[in-house]
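# Understanding the architecture of this molecule
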Amino acid sequence: MRPPLVLTVAGSDAAGAAGVQADLKTFTALGVYGASAITLVTSVAGHGPRGTHPLPPDVVRTQIDEVVRDLHVDVLKIGALGTAAIVHTVADAVRTHRDRFGPIVLDPVMIASDGAPLISAEGADALRSELVPLATVLTPNLAEAAQLLGRPQATSIEEMREQALALQALGPQAVVMSGGLLPAEDDAVDVVVHPGGTDLLRAEREAGRHVAGAGATYSAAIAAQLARIADFDRAGELEEIGEEGEDDDLATIIATAREFVASATAHAADWEITRSAQVRRPLNHLITLDKS
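### Structural notes on helix H3 (residues 84-96)
- Helix length check: H3, at 13 residues, gives a terminal C-alpha distance of 18 Å against a target of 18 Å (1.5 Å per residue), a fit within 8%.
- Along H3, the residues classified as buried are Ala84, Ile86, Val87, Thr89, Val90, Ala91, Ala93 and Val94.

Rendered as structure tokens:
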């Protein structure tokens, strides 16, 4: 017996709120083993990135190759890549090792919460053409979806649905478009398109709740739940994703991941980690741990 395992290919966040650090904490909280390949290093404060330092592409590739050689990878999660060269490298690694990965969750990290770009224009183009078509689940926010499509940012649920369908047409099986900042809605609304149709996931918007790493945590939680499904499938208890019941499984996985993020966000107020109230708080990824 072995635990479900997710490989995250993403950037390192010095503050531990997002990127690989958020991914690994999410995997642990949800009972999944996490491996990682670092793509870039950020010197970060709660106000946003202060410096981004991409690693050499060959170093990124070596990390991926070594993990795939030594470990059974159930799910691949891809986050911040930073440059076109790294996008090309990761895409080539995915194509080379495709038979050793299960589902691929792509979080197209392109724009920071303060609006600062996190990938070059060439990198964004490469992401759209090379990695989006390979994704099983794509998880853009409003700004990322707009940039991937070259369209204005969605301002309504119907526009979100149109953009999510346009992204799905590029290749992903499912698109989870986060609309937490949609100004026209009182609730936080996510639009999920998959082969079975479109789902709307609603949650109460919490005024004044400013957290860092929600996007990374959301996509990591989806990856973790997909890995758990793969783990159950090995034991013969569930159908493999892609077989009968696929759409119901996928919708449930995404809804469960969103609940984890919502709970981790709600409990972020309990943390006294940051020195300033103006700094975005890290999510509380430890909510599933026994506090007795």
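### Digging into the environment of Leu5
- Within the secondary structure, Leu5 sits in strand S1 (residues 5-13).
- Taking the C-alpha atoms as reference points, Leu5 and Val75, 70 residues apart in sequence, are found 6.7 Å from one another.
- Here Leu5 is in contact with Val32, Tyr33, Ala35, Leu71, His72, Val73, Asp74, Val75 and Ala227, once residues within four sequence places are set aside.

### Points about the pattern of salt bridges
- Following the criterion strictly, the structure yields 10 salt bridges and no others.
- In this structure, the salt-bridge partner of Arg61 is Asp92, at a minimum N-O distance of 2.6 Å. Placement of Arg61 in helix H2 (residues 57-70) and of Asp92 in helix H3 is noted, with a sequence separation of 31 residues between them.
- A single network of salt bridges, built from pairs that share partners, joins Arg61, Asp65 and Asp92.

### Here we look at the nonpolar core
- Ranked by internal contacts, the top residues of the largest apolar core, which has 49 residues, are Leu7, Ile64, Ile78, Leu81, Val90 and Leu131.
- With residues near it in sequence (within four places) discarded, Ile78 still touches Val9, Val90, Val94, Ile104, Val105, Leu106, Asp107 and Leu131.
- The next biggest cluster of nonpolar side chains, apart from the first, holds 31 residues, and it includes Val137, Ala223, Ala227 and Leu283.

### Quick look at the confidence of the model for the protein chain
- On average, residues of the protein chain carry a pLDDT of 84, and 80% of them reach 70 or more.
- Low pLDDT, under 50, characterises residues 235-245; the predicted model gives this stretch 13 contacts beyond four residues in sequence or across chains.

### What about H2?
- Taking 1.5 Å of rise per residue, the 14 residues of H2 would be expected to cover 20 Å, and the 20 Å separating its terminal C-alpha atoms lies within 8% of that figure.
- Restricting attention to buried positions, one finds in H2 the residues Val60, Arg61, Ile64, Val67 and Val68. The buried residues of H2 occupy an angular sector of 130° when projected down its axis, which confines them to one face. Facing away from the buried surface of H2 by more than 90 degrees, the exposed residues are Asp58, Arg69 and Asp70.

### Quick notes on the pairing of strand S4 (residues 75-78)
- Residues Val75 and Lys77 of S4 are buried on one face, and the alternating residues Leu76 and Ile78, pointing to the opposite face, are buried as well.
- Here S1 pairs with S4 via 4 bridges, running parallel. Bridge pairing in S4 places Thr8 opposite Lys77.
- Two strands pair when backbone bridges link them, and S4 and strand S5 (residues 104-106) are joined in this way by 3 bridges, in the parallel orientation. Within the sheet, the bridge partner assigned to Lys77 lies in S5 and is Val105.
- Crossover S4 to S5 through H3 is right-handed.

### Brief notes about the packing of H2 against H3
- Contact geometry of H2 with H3 gives a least axis separation of 9 Å together with a crossing angle of 25°. Accordingly, the angle class assigned to the pair H2 and H3 is roughly parallel. When you trace H2 past H3, the crossing you get is right-handed. Here H2 contributes Pro57, Val60, Arg61 and Ile64 to the contact with H3, which in turn contributes Ala85, Ile86, Thr89, Val90, Asp92, Ala93 and Thr96.
- For the contact of H2 with H3, the per-class residue count stands at 7 nonpolar, 2 polar and 2 charged.

### Re the packing of H3 against helix H4 (residues 121-131)
- Where H3 contacts H4, the axes come no closer than 8 Å and their chain directions differ by 15°. Considering the angle they form, H3 stands roughly parallel to H4. Crossing of H3 over H4 shows right-handed handedness. Here H3 contributes Ala84, Val87, His88, Val90, Ala91, Val94 and Arg95 to the contact with H4, which in turn contributes Glu122, Gly123, Ala126, Leu127, Glu130 and Leu131.
- Broken down by class, the residue content of the contact of H3 with H4 amounts to 8 nonpolar, 2 polar and 3 charged.

Scoring rules and cut-offs
- Counting restarts for each chain: residues are numbered from 1 in the order of the written sequence.
- Local features are withheld for residues below a pLDDT of 70 in this predicted model, meaning they are given only at 70 or higher, and side-chain atom pairs are given and counted only at 80 or more; totals for whole chains, interfaces and linings count all residues.
- With hydrogens and water set aside, each side-chain value is computed from the structure's full complement of heavy atoms.
- Secondary structure elements are defined from DSSP: runs of H or I of at least 4 residues count as helices, runs of E of at least 2 residues count as strands, and each element is numbered from the N terminus.
- The length a helix should cover is 1.5 Å for every residue beyond the first.
- Throughout, exposure labels follow a simple rule: accessible area from a 1.4 Å probe, protein chains only, divided by the maximum for the residue type, with under 20% read as buried, over 50% as exposed, and the rest as partly exposed.
- We call two residues in contact whenever any of their non-hydrogen atoms come within 4.5 Å of each other.
- What counts as a salt bridge is simple: a side-chain nitrogen of Lys or Arg found within 4 Å of a carboxyl oxygen of Asp or Glu.
- We define the nonpolar core as a collection of buried residues of types Ala, Val, Leu, Ile, Met, Phe, Trp, Tyr and Cys that are connected through side-chain atoms lying within 4.5 Å of one another.
- Confidence scores here are pLDDT values: one per residue, from the predictor, ranging 0 to 100.
- To obtain the arc, one takes the directions from the helix axis to the C-beta atoms.
- At least two bridges found by DSSP between two strands are what make those strands a pair.
- We call a crossover right-handed when, viewed with both strands directed away from the observer, the connection leading from the first strand over the helix to the second proceeds clockwise.
- Lines fitted to the C-alpha atoms define the axes, with helices restricted to the stretch that makes contact. Angles between their N-to-C directions range from 0 to 180 degrees.
- What sets the label is the angle itself: under 35 degrees gives roughly parallel, over 145 gives roughly antiparallel, 65 to 115 gives roughly perpendicular, and the rest give oblique.
- Crossing chirality is assigned from the near helix's rotation relative to the far helix, an anticlockwise turn below a right angle marking it left-handed and a clockwise turn marking it right-handed.
- Residue classes follow a fixed rule: Ala, Val, Leu, Ile, Met, Phe, Trp, Tyr, Cys and Pro count as nonpolar, while Asp, Glu, Lys and Arg count as charged, and any other residue, Gly among them, counts as polar.

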